[in-house]
Amino acid sequence: VQLQALGGLVQAAGSLRLSCAASGSIFRINNMGWYRQAPGKRRELVATITSSFSTNYAESVKGRFTISRDNAKKTVDLLMNSLEPEDTAVYYCNADIALGDSAPMVIYWGQGTQVTVSS
């Protein structure tokens, strides 16, 4: 199983969409999410979304970021608006995946993608 994400460079107050696609022999995906890690800081939750599309956001991104998913395509997106230099970090996607009907759920992580917001 692989999670592949794409990020980018954007100016302050700009917008950027991150996309992450899961591939491999996947039977079921439950929660999907985005986390980030800034230099010298711990990895922190940005947003999560359940298979029934319930969402949860960090306070720092509420009203600016929107998480969405496509269950058929096995993708999770993060639309980031009104970006601030403080949003600069490596962003990681993750997914809670089962490889078979009776297989346990395992959390997989993407490789991380750099988002840099210039002031």
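Reading the values: the criteria
- Residues numbered from 1 in each chain as written.
- Predicted model: local features only at pLDDT ≥ 70, side-chain atom pairs only at ≥ 80, totals over all residues.
- Heavy atoms only, no water.
- Helix = DSSP H or I, 4+ residues; strand = E, 2+ residues; numbered from the N terminus.
- Rg over C-alpha atoms; globule rule 2.2 N^0.38 Å.
- Buried < 20%, exposed > 50% of the residue type's maximum accessible area, 1.4 Å probe, protein only.
- Contact = heavy atoms within 4.5 Å.
- Core = buried A, V, L, I, M, F, W, Y, C linked by side-chain atoms within 4.5 Å.
- Disulfide = S-S within 2.5 Å.
- Pairing = 2+ DSSP bridges.
- Axes fitted to C-alpha atoms, helices over the stretch in contact; angles between N-to-C directions.

A. Focus on the overall build of the protein chain. Helix and strand content of the protein chain: zero helices and 11 strands. Along the protein chain, from the amino end to the carboxyl end, the secondary structure elements read β-β-β-β-β-β-β-β-β-β-β. Computed over its C-alpha atoms, the radius of gyration of the protein chain comes to 14 Å, within 12% of the 14 Å expected for a compact globule of 119 residues. Seen along its three principal axes, the alpha-carbon backbone of the protein chain occupies a region of about 50 × 25 × 25 Å. Residue burial in the protein chain is summarised as follows: out of 119 residues, 41% are buried. Sequence separation of at least 24 residues holds for 54% of the intrachain contacts in the protein chain that already meet a minimum separation of 6.

B. Structural detail: unusual backbone geometry. Positive phi values are uncommon outside glycine, yet F53 reaches one of about 75 degrees. Tracing the chain through its elements places F53 in the loop between strand 5 (44-49) and strand 6 (55-57). Positive phi values are uncommon outside glycine, yet K74 reaches one of about 60 degrees. Of note, K74 is situated in the loop between strand 7 (65-70) and strand 8 (75-80).

C. Fine view of the environment of S25. Structurally, S25 is set in the loop between strand 3 (16-23) and strand 4 (28-37). Measuring from C-alpha to C-alpha, the distance between S25 and I97 comes to 9.9 Å, with 72 residues separating the pair along the chain.

D. Highlighting the nonpolar core. One finds W34, L78, M80 and Y91 to be the most contacted residues of the largest nonpolar core, which totals 31 residues. Counting residues per element, the ones that place at least two in this core are strand 1 (2-6), strand 3, strand 4, strand 5, strand 7, strand 8, strand 9 (89-98) and strand 11 (113-118). Top element by residues in this core is strand 9. It accounts for five residues. Beyond its immediate sequence surroundings of up to four residues, L78 is in contact with L16, R17, L18, W34, V46, A47, F65, T66, I67 and Y91.

E. Region of interest: the state of the cysteines. Under the definition given, this model contains one disulfide. In this model C20 forms its disulfide with C93; the gap between the sulfur atoms is 2.1 Å. Disulfide C20 to C93: torsion about the S-S bond roughly 50 degrees, handedness right-handed. You can see C20 sitting in strand 3 and its partner C93 sitting in strand 9, a full 73 residues away along the chain. Exposure class is identical for C20 and C93. Each is buried.

F. Representation of the sheet that holds strand 3. Spatially, the four strands line up as an open sheet ordered 1-3-8-7, and their pairing is antiparallel. Edge positions in the open sheet fall to strand 1 and strand 7, since each of these has one partner strand only. When strand polarity is set aside, the average angle formed by the axes of neighbouring strands in this sheet is 15 degrees. In this sheet, strand 8 lies alongside strand 7 in antiparallel orientation, the contact comprising six bridges. The residue of strand 8 that forms the bridge with S68 is D77.

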